[in-house]
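Given next are the chains, with one letter for each unit.
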Amino acid sequence: MRRIGVLTSGGDSPGMNSAVRAVVRTAIHNGLEVVGIERGYAGLIHREFRDMNLSSVADIVQRGGTILKTARSQEFMTPEGRGQAASNLKNLDIDGLVVIGGDGSFRGARALATEHGVATVGIPGTIDNDIPCTDYTIGFDTCLNTVLDAINKIRDTATSHERTFIIEVMGRRTGYIALEAGVAGGAESILIPEVPFRLDEVVERLMRGHMRGKLHSIIIVAEGAGNVLDIGKYLQDKTGFETRVTILGHIQRGGSPTAFDRVLAARMGAKAVDVMMAGETRKVIGITAGEIKAYDIDYALSQHKTIDLDLYKLANILSI
Ligand code: F6P
């Protein structure tokens, strides 16, 4: 192994830059050359390459987003696109590719390895925390803190106006962000796709709280759990409480990464380089019980990450 490539792909997440920095600097420390590929797989197909040195990753550990830029490439979904990507890697003498992204990006890495023999290692970078074989993805913690800050601010105005607030958070088809932010923010109800719910139960909770003198409420809804505008209207109609809906949107994807995400990114980036240098391929890096490990990509992609139902039950107890 002499030369590796690194790219970021899919939705960006805070800490991706810290991971790029870790990959570049540990690789150079170990005598490897590193090529940065811009705009994910799209840039791989269209030869958007730049040589990386120690200075290319200076002053980025604290920056959100990704200096390499990112994309969701439709072209890479086709065999022709992947063929072009593989031949570009070969022409540049790139022996291995580190892919920082979510499960769609990992599927792309696996396809490159299977169809063209490219050595690939994935690093989980997504705010959604929906990747199996890792307790945390890079960006999740920062996202949670962004959501928490928003909940705190919304609670101020909810209290002043004695209103119910419905806050939609991201997470695609999963409720990891909603659950943890909801617990941390003391939400009165948390609605996630993994746990079936009845809106009438939410109504009952709101009414019970009202009887006890609670004059405002925060309800966190994962984007995959339903339409927040419909939910807001239903709850307002049934309770008679003035209700507002806030969709947090893409602010959840930005911001300076937390210390947790930076350290996680540093450890995962370094591990990815170790794995490559050991001649391993088709791997995904994860952290489980505090330990950074490399998992077989087929295994990782065949697993289903389950939501912590005990935490969900606890949230209900605490918010009663
Ligand atoms: O996967 C990260 C994520 O932010 C999801 O939570 C969300 O559903 C999606 O990406 C939004 O994607 P886009 O930025 O392409 O609209």
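As a reminder, the structure under discussion sits directly above these lines.
In this text the structure is predicted, and so the values were computed from the model without any measurement.

(A) Structural detail: the site of the ligand. Around the ligand, the neighbouring residues are Arg 72, Ile 127, Asp 128, Met 170, Gly 171, Arg 172, Glu 223, His 250 and Arg 253. At 3.0 Å from an oxygen atom of the ligand is found a side-chain nitrogen or oxygen belonging to Arg 72. A distance of 2.5 Å is found between an oxygen atom of the ligand and a side-chain nitrogen or oxygen belonging to Glu 223. Protein chains bury 74% of the 400 Å² of accessible surface belonging to the ligand in isolation. Tallied by class, residues from the shell around the ligand come to two nonpolar, two polar and five charged. Each of domain 1 (3-139 + 257-302) and domain 2 (143-253) gives at least three residues to the shell around the ligand.

(B) Here's a closer look at the pattern of salt bridges. Enumeration over the complete set of coordinates arrives at 18 salt bridges. With a closest N to O distance of 2.8 Å, Glu 115 and Arg 82 form a salt bridge. Of this pair, Glu 115 sits in helix α4 (residues 103-116) while Arg 82 sits in helix α3 (residues 79-91), and the two are 33 residues apart along the sequence. Of the residues examined, Glu 115 reaches a relative accessible area of 41% and is grouped as partly exposed.

(C) Representation of the packing of helix α5 (residues 140-161) against helix α6 (residues 176-184). Running from N to C, α5 and α6 point in directions that differ by 50 degrees, and their axes come no closer than 9 Å. In this view, α5 runs oblique relative to α6, as classed from their interaxial angle. You can see that α5 and α6 cross each other, and the crossing is right-handed. Every residue of α6 that contacts α5 at Phe 140, Cys 143, Leu 144, Val 147, Leu 148 and Ile 151 is listed here: Tyr 176, Ile 177, Glu 180, Ala 181 and Ala 184. Grouping the constituent residues of the contact of α5 with α6 by class yields 10 nonpolar, no polar and one charged.

The rules behind these values
Residues numbered from 1 in each chain as written. Predicted model: local features only at pLDDT ≥ 70, side-chain atom pairs only at ≥ 80, totals over all residues. Heavy atoms only, no water. Near = heavy atom within 4 Å. Polar contact = N/O pair within 3.5 Å; in protein donor to acceptor, adjacent residues only side chain to side chain. Areas by Shrake-Rupley, 256 points an atom, 1.4 Å probe, with all protein chains shown as cover. Nonpolar A, V, L, I, M, F, W, Y, C, P; charged D, E, K, R; others polar. Domains from an automatic or database assignment. Salt bridge = Lys/Arg side-chain N within 4 Å of Asp/Glu carboxyl O. Helix = DSSP H or I, 4+ residues; strand = E, 2+ residues; numbered from the N terminus. Buried < 20%, exposed > 50% of the residue type's maximum accessible area, 1.4 Å probe, protein only. Axes fitted to C-alpha atoms, helices over the stretch in contact; angles between N-to-C directions. Parallel < 35°, antiparallel > 145°, perpendicular 65-115°, else oblique. Left-handed = near helix turned anticlockwise from the far one by under 90°. Contact = heavy atoms within 4.5 Å.

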